[in-house]
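What follows is each chain in one-letter form.
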Amino acid sequence: MFALATLVGVILTTAAPAAATGRRWAVLVYDGIGTEAGALLIGRVIADRGLGEPKVGESTATKITRLRRLLSSHPLENTAVELRAAGRHVRVRTDSRGFFRWRVPGPLPVGEHRVQAHLAAGHRHRVLPGRLFIYPKRPGTLWISDIDDTVLETDVRHKVQMIRGLLTTSAIELNSFPGVAPVLWQSRKAGDALAFVSGSPWQLQPRLRTFMAHRGLPRAPFFLKRIGIGDDTDALFGQGDYKRRQLELLLTLLPGYRVVCFGDSGEHDPEVYRALQLRHPKRVVAVLIHDVGGLQAQDPRVAGQFLFRQWPAAERWLRGRGLLTALTVPTAAPLPGTTTPAAR
């Protein structure tokens, strides 16, 4: 239980904003998503801890220190941030936890746009740039994927083992499931939208971005949890209500898009996605559940969903239903120019 207590204690220390005087700040611009009609971009301003990139052969003590610093990021509240992307410019303010949100108004050009940011009021800072993914207003396909035990080998069913691995494993040592990269790249090559919804806290976004790039997975926006103390935060555990809100938000950001969902059987993804199917029967065209616990296809939990144990089986099922086409895609490396070093 030491690992669990350590993680909870570190995360809860993020509630107190940091004093602005004399600090250097990091402006983390998270990837945003939307259509020509409008988009959403989220970011955060935190104390710059100078974490650096993980290296092969690091000691366990170094890994734990990096994670502790990553999780105990201290926010800068009520400060103006200037943002530019896709021909738009705005000034927004950070909230009590250092987060800022930009509802980018349309019309916007379709494509992948670099987001520029500047911290006002003369604060010393560096910017970890994000991207704005803009898709056609004409509806296409939106792929939504969970991360833990769906894309990333985590063992989220066993919390203590999961957190022990989190504390002692660096981002470049994390493993993706065989076959997941080709499936997600085929969706990207086809011009489909892609987003990841996870129960991980926003503090772990740099770690997840490093993992994705290192394992050759396509870059896409994350939708993660606000963890801390207060009414404006999400529960540390318990994913149902949180994921439902994020899924509905994504359906709003890409109106009319048909939706393909990926999850796993370890927690509540089958139930959460089933509820989404019932609310949007014409839009949710497929739900695929990665079995991590010996679930059977006849189990009522996965009624109307495809249960798979290996990603190549999911690929064949999707292709058989016309949701994937035969495209040449990378199996171990990202396409040139589609990833940047992870934000640190």
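Residues numbered from 1 in each chain as written. Predicted model: local features only at pLDDT ≥ 70, side-chain atom pairs only at ≥ 80, totals over all residues. Heavy atoms only, no water.

(A) Just the overall build of the protein, in detail. Scanning the protein from terminus to terminus reveals 8 helices and 16 strands. Taken over 344 residues, the protein has a buried fraction of 57%. Long-range pairs, those at least 24 residues apart, make up 74% of the contacts in the protein between residues at least 6 apart in sequence. Carbon and sulfur atoms provide 54% of the accessible area of the protein, an area that totals close to 14300 Å². (Helix = DSSP H or I, 4+ residues; strand = E, 2+ residues; numbered from the N terminus. Buried < 20%, exposed > 50% of the residue type's maximum accessible area, 1.4 Å probe, protein only. Contact = heavy atoms within 4.5 Å. Areas by Shrake-Rupley, 256 points an atom, 1.4 Å probe, with all protein chains shown as cover.)

(B) Molecular detail of helix 6 (residues 240-253). Given a rise of 1.5 Å per residue, 14 residues ought to cover 20 Å, and the 20 Å separating the end C-alpha atoms of helix 6 matches this to within 8%. When helix 6 is considered as a whole, its buried residues turn out to be Gly-240, Tyr-242, Lys-243, Gln-246, Leu-247, Leu-249, Leu-250, Leu-251 and Leu-253. (Expected span 1.5 Å × (residues − 1).)

(C) Examining the side chain of Thr-141 more closely. Along the polypeptide, Thr-141 turns up in strand 11 (residues 141-145). Polar side-chain contacts of Thr-141 include one of 2.7 Å to the side chain of Arg-258. When residues no more than four places from it in sequence are discounted, the contact partners of Thr-141 are Asp-192, Ala-193, Tyr-257, Arg-258 and Val-260. (Polar contact = N/O pair within 3.5 Å; in protein donor to acceptor, adjacent residues only side chain to side chain.)

(D) Expanded view of the pattern of salt bridges. Summed over the entire model, instances satisfying the criterion amount to 14 salt bridges. Of the charged contacts, one joins Glu-82 and Arg-91 as a salt bridge, the two residues approaching to 2.6 Å between their closest N and O atoms. Judged by relative accessible area, Arg-91 falls into the exposed class, the value being 52%. With its nearest N and O atoms 3.1 Å apart, the salt bridge here joins Asp-241 to Arg-244. (Salt bridge = Lys/Arg side-chain N within 4 Å of Asp/Glu carboxyl O.)

(E) Structural view of the pairing of strand 8 (residues 116-119). Alternating residues of strand 8 divide into Ala-117 and Leu-119, all buried, and Gln-116 and His-118, none buried. Judged from the 4 bridges that link them, strand 4 (residues 80-85) and strand 8 form a sheet pairing that is antiparallel. Of the residues in strand 8, the one forming a bridge with Val-81 is Leu-119. (Pairing = 2+ DSSP bridges.)

(F) Representation of the packing of helix 4 (residues 180-189) against helix 8 (residues 311-320). Their axes nearest at 8 Å, the elements helix 4 and helix 8 cross at an angle of 30 degrees. When the axis of helix 4 is compared with that of helix 8, the two are roughly parallel. Contacts from Val-180, Val-183 and Gln-186 of helix 4 reach helix 8 at Trp-311, Glu-315, Leu-318 and Arg-319. The residue inventory of the contact of helix 4 with helix 8, partitioned by class, reads 4 nonpolar, 1 polar and 2 charged. (Axes fitted to C-alpha atoms, helices over the stretch in contact; angles between N-to-C directions. Parallel < 35°, antiparallel > 145°, perpendicular 65-115°, else oblique. Nonpolar A, V, L, I, M, F, W, Y, C, P; charged D, E, K, R; others polar.)

(G) Expanded view of the confidence of the model for the protein. Confidence in the prediction of the protein, expressed as mean pLDDT, is 83, and 80% of residues score 70 or more. Segment residues 1-15: pLDDT under 50, and 32 contacts once partners within four positions in sequence are set aside and those in other chains are kept. Here residues 328-344 is a poorly scored stretch, pLDDT under 50, and it has 50 contacts once near neighbours within four places are set aside; other chains count. (pLDDT = per-residue confidence, 0-100.)

(H) Broad picture of the sheet that holds strand 4. With antiparallel pairing, 3 strands are arranged side by side in an open sheet as 5-4-8. A single partner strand is all that each edge strand has here, and the edge strands are strand 5 (88-93) and strand 8. Between one strand and the next, the sheet's axes are offset by a mean angle of 20 degrees, whatever the strand orientation.

(I) Geometry of the packing of aromatic side chains. Counted according to the given criterion, the structure contains 7 aromatic pairs. A centroid spacing of 5.1 Å and a plane angle of 35 degrees characterise the contact between Phe-262 and Trp-311, whose relative ring orientation is tilted. In this pair, Phe-262 is assigned in strand 14 (residues 258-264) and Trp-311 in helix 8, connecting sequence segments 49 residues apart. Classification of Phe-262 by relative accessible area gives buried; the value is 0%. Assessed through its relative accessible area of 1%, Trp-311 is described here as buried. With a centroid separation of 5.2 Å and an interplanar angle of 70 degrees, the aromatic rings of Phe-308 and Trp-311 are classed as edge-to-face. (Phe/Tyr/Trp six-rings, centres within 6.5 Å; stacked < 30°, edge-to-face > 60°.)

(J) Highlighting unusual backbone geometry. A cis geometry characterises the amide bond from Gly-106 onward to Pro-107, with omega recorded as 0 degrees. Residue placement: Pro-107 occurs in the loop between strand 6 (99-105) and strand 7 (111-114). Despite not being glycine, Asn-78 shows a phi value in the positive range, around 50 degrees. Note on placement: Asn-78 falls in the loop between helix 2 (60-71) and strand 4.

(K) Spotlight on the nonpolar core. Phe-196, Leu-288 and Leu-318 are the most contacted members of the largest nonpolar core, which totals 69 residues. Per-element accounting of this core gives the leading share, 6 residues, to helix 6. Sequence-distant contacts of Leu-288, defined by excluding residues within four places in its chain, comprise Val-260, Cys-261, Phe-262, Gly-263, Phe-306, Phe-308, Ala-314, Trp-317 and Leu-318. Judged by nonpolar contacts, the second largest core, of 23 residues, contains Val-27, Ala-39, Ala-85 and Trp-102. (Core = buried A, V, L, I, M, F, W, Y, C linked by side-chain atoms within 4.5 Å.)

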